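Structural overview
Each chain, letter by letter, is given below.
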Amino acid sequence: MTSVPSVFDQRPLSCQKCGKLAKRVGVYGKKWSKRFFVVRNGILMCFESESSSEPEEMIPLEQCTVHSALRQTGKSNVFEVRHPALQSYFLLTTSDDECREWIGVCSSLSKLTC
């Protein structure tokens, strides 16, 4: 019997960026939830944990705007991923440098500008 390949099967070799971030949904959300994120093939995938086999959410970055969320959150290490048909996501990184890296990767895959 063959198993169905998981989206994680090739993660170490083919992801453009991956790591642990905290996410908050929407501008008025209060709770930050720790999740594992992977950017692969132009899609930002959110997993409950690094060992999860299937993503909780998948966001096509091609249609997103990605930018710093300093103004909305008061934190310099948060960025926003906004898709026209989905919710806005605020993603909290561990440092300003890591935030700039995530913004660079995600915005390079978007066809939209802020």
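Just above sits the structure.
Keep in mind it's a predicted model, so treat the numbers as computed, not measured.

Overview of the pairing of strand β2 (residues 33-40)
The element β2 is extensively covered by neighbouring structure, given that six of its eight residues are classed as buried. Sheet analysis places strand β1 (residues 17-25) next to β2, joined by seven bridges and oriented antiparallel. Each residue of the ladder has a partner; that of Lys-17, found in β2, is Val-39. With antiparallel pairing between neighbouring strands as the criterion, β2 and strand β3 (residues 43-47) make up a hairpin whose turn holds two residues, including Asn-41 at a positive phi of roughly 55°.

Focus on helix α3 (residues 96-108)
Helix length check: α3, at 13 residues, gives a terminal C-alpha distance of 18 Å against a target of 18 Å (1.5 Å per residue), a fit within 8%. Buried within α3 we find Glu-98, Cys-99, Trp-102, Ile-103, Val-105 and Cys-106. On its buried face, α3 is in contact with β1, β2, β3, β5 (65-68) and β6 (78-82).

Let's talk about the pattern of salt bridges
Working definition: two side chains of opposite charge can pair if their charged atoms are close together. Following the criterion strictly, the structure yields five salt bridges and no others. Put simply, Arg-82 and Glu-80 hold a salt bridge, and the shortest N to O gap is 2.9 Å. According to the relative accessible area criterion, Glu-80 is buried, its value standing at 0%.

Description of the packing of aromatic side chains
Under the counting rule described, the total for this entry stands at one aromatic pair. Between the aromatic rings of Phe-79 and Trp-102, the centroid separation amounts to 6.4 Å while the plane-to-plane angle is 20°, which identifies the pairing as stacked. Note that Phe-79 is positioned in strand β6 and Trp-102 in helix α3, a separation of 23 residues in sequence. Of the residues examined, Phe-79 reaches a relative accessible area of 0% and is grouped as buried. For Trp-102, a relative accessible area of 0% translates into the label buried. Sitting over the ring of Phe-90, Arg-24 keeps its end group 5.1 Å from the ring centre.

Cut-off values and rules
- Residues numbered from 1 in each chain as written.
- Predicted model: local features only at pLDDT ≥ 70, side-chain atom pairs only at ≥ 80, totals over all residues.
- Heavy atoms only, no water.
- Buried < 20%, exposed > 50% of the residue type's maximum accessible area, 1.4 Å probe, protein only.
- Helix = DSSP H or I, 4+ residues; strand = E, 2+ residues; numbered from the N terminus.
- Pairing = 2+ DSSP bridges.
- Expected span 1.5 Å × (residues − 1).
- Contact = heavy atoms within 4.5 Å.
- Salt bridge = Lys/Arg side-chain N within 4 Å of Asp/Glu carboxyl O.
- Phe/Tyr/Trp six-rings, centres within 6.5 Å; stacked < 30°, edge-to-face > 60°.
- Lys NZ or Arg CZ within 6 Å of the ring centre and 35° of its normal.

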